[in-house]
Amino acid sequence: METPENILARLQAAFPSAKIELLPNGCPSQPPSLLLDPAFACEIATFLKNDAALRLDHATNVTGVDWPKEGYIEAVYHLFSMEKKHGPLIIRLRTANRDTAVVLPSLTPVWRSADLQEREIFDLFGIKFEGHPDLRRILMWDGFKDHPMRKDYVAPDDFEYEPTAHDDVLERAQQHFSKNA
Amino acid sequence: MDTSFSSQKEIDARERGGLGTERLEVAFGPHHPSTHGVFRMDVVLEGEKIVSLKPVFGYLHRNHEKIGESVSYLGIIPYTDRLDYLCSPTSNWGFVLACEKLAGLEAPERAQYIRVILAELTRLVNHTCLAGFLAQDLGAMGTPLMYAFRERENILDLFESLTGARMMVNYFRFGGCRCDLPEGWLQGVSRVLDAYSKFLDEFEALLTGNEILLQRTQGVGVLKADLAINAGITGPCLRASGVNYDLRKVDAYGIYSRFPFRVPIGEHGDCFDRYMVRILEMRESIGILRQAVREIPAGPIMDAKAKTRSIRPKAGEVYGRIESPKGELGFYLIADGSPSPYRYRIRPPSFINLTVLEEMCLGLTVADAVAILGSIDIVLGEVDR
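Residues numbered from 1 in each chain as written. Chains lettered and ligands numbered in written order. Predicted model: local features only at pLDDT ≥ 70, side-chain atom pairs only at ≥ 80, totals over all residues. Heavy atoms only, no water.

Enquirer: Looking at this structure, I do not really get the interface of chain A and chain B. What am I missing?
Expert: Many authors give the size of an interface as the accessible area that is lost as the parts come together. Of the residues lining the interface, 44 residues belong to chain A; the matching set on chain B comes to 44 residues. Between chain A and chain B, roughly 3,600 Å² of surface is buried when both sides are summed, and carbon and sulfur atoms account for 55% of that area. Broken down residue by residue, the surface that chain A buries against chain B is led by M82, R112 and L139 of chain A, which jointly contribute 18%. Between the two partners, chain A and chain B, sit 25 residue pairs in polar contact (both at pLDDT 80 or more). Secondary-structure elements contributing two or more residues to the side of chain A that touches chain B are β3 (58-67), β4 (72-81), β5 (86-94) and α3 (114-124) of chain A. By residue class, the composition of the side of chain A that touches chain B is 20 nonpolar, 13 polar and eleven charged. (Contact = heavy atoms within 4.5 Å. Buried area = accessible area lost by both parts, 1.4 Å probe. Polar contact = N/O pair within 3.5 Å; in protein donor to acceptor, adjacent residues only side chain to side chain. Helix = DSSP H or I, 4+ residues; strand = E, 2+ residues; numbered from the N terminus. Nonpolar A, V, L, I, M, F, W, Y, C, P; charged D, E, K, R; others polar.)

Here it is in structure tokens:
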């Protein structure tokens, strides 16, 4: 496969107004990733999928990464090509912040394999994917409020029900019920 | 015509020239035996036809990925056993492979052969059980599944004598394997293999030409190749749709490039092809195993550089993937130099293979949906994580 540097150059030529960046990977044997401009993500994804030399038709792994210190959440897509049998090309999208602007474009219209995985990111990380056909919680139940995979998630202190609570569980239960009383 | 005593529904039906039907919503699972665990489908039926099918996930969710971020790299290995609990050696391998790429380790020759032997035995276990479960789901009560389980026992005995556990093997380590093969273990593998070819012949005589199995699976749940690729379907389900994509060939991870096996490809992408591809894969696995048992060298089983307990990879990220019996099992790790990963993500094949379940079932009956789900081959430990 072409190097990510080459792909970056070709993308910049094809989408001159899009801001695309090459992010280095600390692991020397692994490829760097491309940080895409969310406004152009769908067009770039379609380009990568249809380009004759790349044909990245297999978006295998789609996941989120929370970076509380840096102040954003990432969606990471690992792209391979089943036709050309090469890959991976890693593309990333970043939200503007972690609470008020957590909207990213959905790439499900391009790669159907992102369908359930973007729903999972929405559920566990709280990124809202615009253009996703069916954005609902998937692993947690519908009434659940928080996003458990975020780094600053605090588990509720009364989830651990024991018929005869003792030690730290008992302590937590007492604190919980005294707070709620 | 006097319609004064008819209900509105009967009038509607008479105008359409037939009996009236009503839409019926069926909550299929999570405690239905043919959902292979705690999987649920919200099915809407019109008469017997499925007009909508929504999978409902999460009944076995324990946030495996969050747990992984709070334990050490070594501590994750036993958790990966619980992903696909029928095939724990391959789950081990996927994770260990990703860590080895991250830390720059390489397993020595002997360990590589042991890995291939365990992974292919696992493939035999998984595919045999899948065929048994599928027949059970189609109403062949008992016999095929018991035959499958009888053979699985022999392989689990091998796992037990090597690792101490029948299912949760916790055996692969970064840069090798936990312990060397016990005396006479390879002869045990050869004995199992000798019996296995005969068993497969018998199993196929029982199932493959069976008229009921053919009627229930041929032309049912057809998945077209382009949709399968776009939806990220991997493993035997993808190959049954006619796409030649096997990571043992494409990535040739480990030492798979040394084994001249064939990749079975289906033609129609229906339930029967998905069944048949697995039967043929088992025959190829037997060939791989025979060669591995013949060629395995003596030597160390751990990379001399490997520090199993105190592994702390430098900051960086890696995606490692293997061909597990169910499809592409990937592990995405982000290291930050600490003893546990910053991000630990599993790409579960059973979960993603369910993406187009609805498309495969539309217009068919509930009984067909059971066959389709059985032929996709899911394990809920991996779907819900």
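Enquirer: How should the layout of surface pockets be read in this particular structure?
Expert: Think of a ball as big as a water molecule: rolled over the atoms, this probe shows where empty space is left. The space that makes up the largest pocket amounts to roughly 410 Å³. For the largest pocket, the lining is made up of 15 residues, of which M140, P148 and Y153 of chain A together with R62 and N63 of chain B are closest to its centre. For the lining of the largest pocket, the residue count by class is ten nonpolar, three polar and two charged. (1 Å grid on protein atoms, 1.4 Å probe; cavity = no way out; pocket = protein on both sides within 12 Å on 5 of 7 lines; lining within 4 Å. Points joined across faces, edges and corners; volume = space filled by probe spheres on them.)

Enquirer: Would you mind going over the pattern of salt bridges with me for this structure?
Expert: Any two side chains of opposite charge can pair, so long as their charged atoms come close to each other. Evaluation of the coordinates by the stated rule reveals 46 salt bridges over all chains. Across the salt bridge formed by R55 of chain A and E83 of chain A, the nearest N and O atoms sit 2.8 Å from each other. A residue pair is termed long-range when its members are at least 10 positions apart, and R55 of chain A in the loop between α2 (41-50) and β3 and E83 of chain A in the loop between β4 and β5 qualify at 28 residues. Residue R55 of chain A is classed as partly exposed on the basis of its relative accessible area of 25%. Salt bridges sharing partners connect three or more residues here, namely E120 and K151 of chain A together with E65, E69, R343, R345 and R385 of chain B. (Salt bridge = Lys/Arg side-chain N within 4 Å of Asp/Glu carboxyl O. Buried < 20%, exposed > 50% of the residue type's maximum accessible area, 1.4 Å probe, protein only.)

Enquirer: Even after reading the chapter, I still don't get helix α12 (residues 271-295) of chain B, so can you show me in this structure?
Expert: Because each turn of an α-helix spans 3.6 residues, side chains separated by three or four positions in sequence point in the same direction. With 25 residues, α12 of chain B extends 36 Å from end C-alpha to end C-alpha; this agrees with the ideal 36 Å at 1.5 Å per step. Among the 25 residues of α12 of chain B, 19 are classified as buried, and the element is accordingly described as predominantly covered. (Expected span 1.5 Å × (residues − 1).)

Enquirer: It is not clear to me how the environment of E43 of chain A should be interpreted in this structure. Could you clarify?
Expert: Here E43 of chain A shows up in helix α2. Here E43 of chain A falls in the partly exposed class, since its relative accessible area comes to 41%.

Enquirer: Quick question: what am I supposed to make of the pairing of β3 of chain A here?
Expert: On a regular strand, one side chain projects to one face of the sheet and the next to the other, so that they alternate. Residues and elements named next belong to chain A. The buried fraction of β3 is high, at ten of ten residues. Note that β3 and β4 share nine bridges and pair antiparallel. Bridge assignment links T63 to a residue of β4, and that residue is V76. Taking the residues that link successive antiparallel strands as the turn, the β3-β4 hairpin has four residues, and the phi of G71 there is positive, at about 85°. (Pairing = 2+ DSSP bridges.)

Enquirer: In this structure, what is going on with the side chain of R173 of chain B? I would like to understand it.
Expert: Residues and elements named next belong to chain B. Relative to the helices and strands, R173 is located in strand β4 (residues 172-173). No salt bridge is formed by the buried R173, whose closest oppositely charged neighbour, D81, lies at an N-O distance of 7.6 Å. Reaching out from R173, the side chain makes a polar contact with the side chain of N170 at a distance of 3.2 Å. (Lys, Arg positive; Asp, Glu negative; His and termini not counted.)

Enquirer: How should I be thinking about the sheet that holds strand β2 (residues 40-46) of chain B in this particular structure?
Expert: To summarise the sheet geometry, strands pair through backbone hydrogen bonds and adopt either a parallel or an antiparallel arrangement. Residues and elements named next belong to chain B. Pairing in this open sheet of three strands is antiparallel, and the strands run β1-β2-β3 from one edge to the other. Edge positions in the sheet fall to β1 (23-28) and β3 (49-56), since each has one partner strand and no second. For this sheet, the mean angle separating the axes of adjacent strands, direction not counted, is 15°. Where helix α15 (residues 366-376) meets the sheet, it contacts β1, β2 and β3, and its direction lies at approximately 40° from that of β3. (Axes fitted to C-alpha atoms, helices over the stretch in contact; angles between N-to-C directions.)

Enquirer: When you look at the pairing of strand β7 (residues 327-335) of chain B in this model, what are you seeing that I'm missing?
Expert: Residue and element names in this part refer to chain B. Of all nine residues in β7, nine are buried, a share of seventy percent or more. For strand β6 (residues 316-324) and β7, the ladder comprises nine bridges, and the chain directions are antiparallel. In the sheet register, V318 faces β7, and the bridge partner there is L333. Linkage of β6 to β7, two consecutive antiparallel strands, is achieved through a turn of two residues.

Enquirer: Please explain α3 of chain A as it appears in this structure.
Expert: Residues and elements named next belong to chain A. With eleven of eleven residues buried, α3 lies mostly within the body of the structure. Taken as a whole, α3 has its buried residues at A114, D115, L116, Q117, E118, R119, E120, I121, F122, D123 and L124. Just downstream of α3, G126 is the residue with a positive phi angle, here 85°.

Enquirer: Would you mind going over the sheet that holds β7 of chain B with me for this structure?
Expert: All names here are of chain B. Taken together, three strands build an open sheet; the order of strands is β6-β7-β8 and the sheet is antiparallel. Each of the sheet's edge strands pairs with one partner strand only, and the pair in question is β6 and β8 (343-347). In this sheet, adjacent strand axes meet at a mean angle of 10° when their direction is disregarded. By the bridge criterion, five bridges tie β7 to β8 in an arrangement that is antiparallel. By the bridge assignment, I334 is partnered in β8 with R343. Across the face of the sheet, helix α4 (residues 88-103) comes into contact with β6, β7 and β8 while running at roughly 150° to β6.

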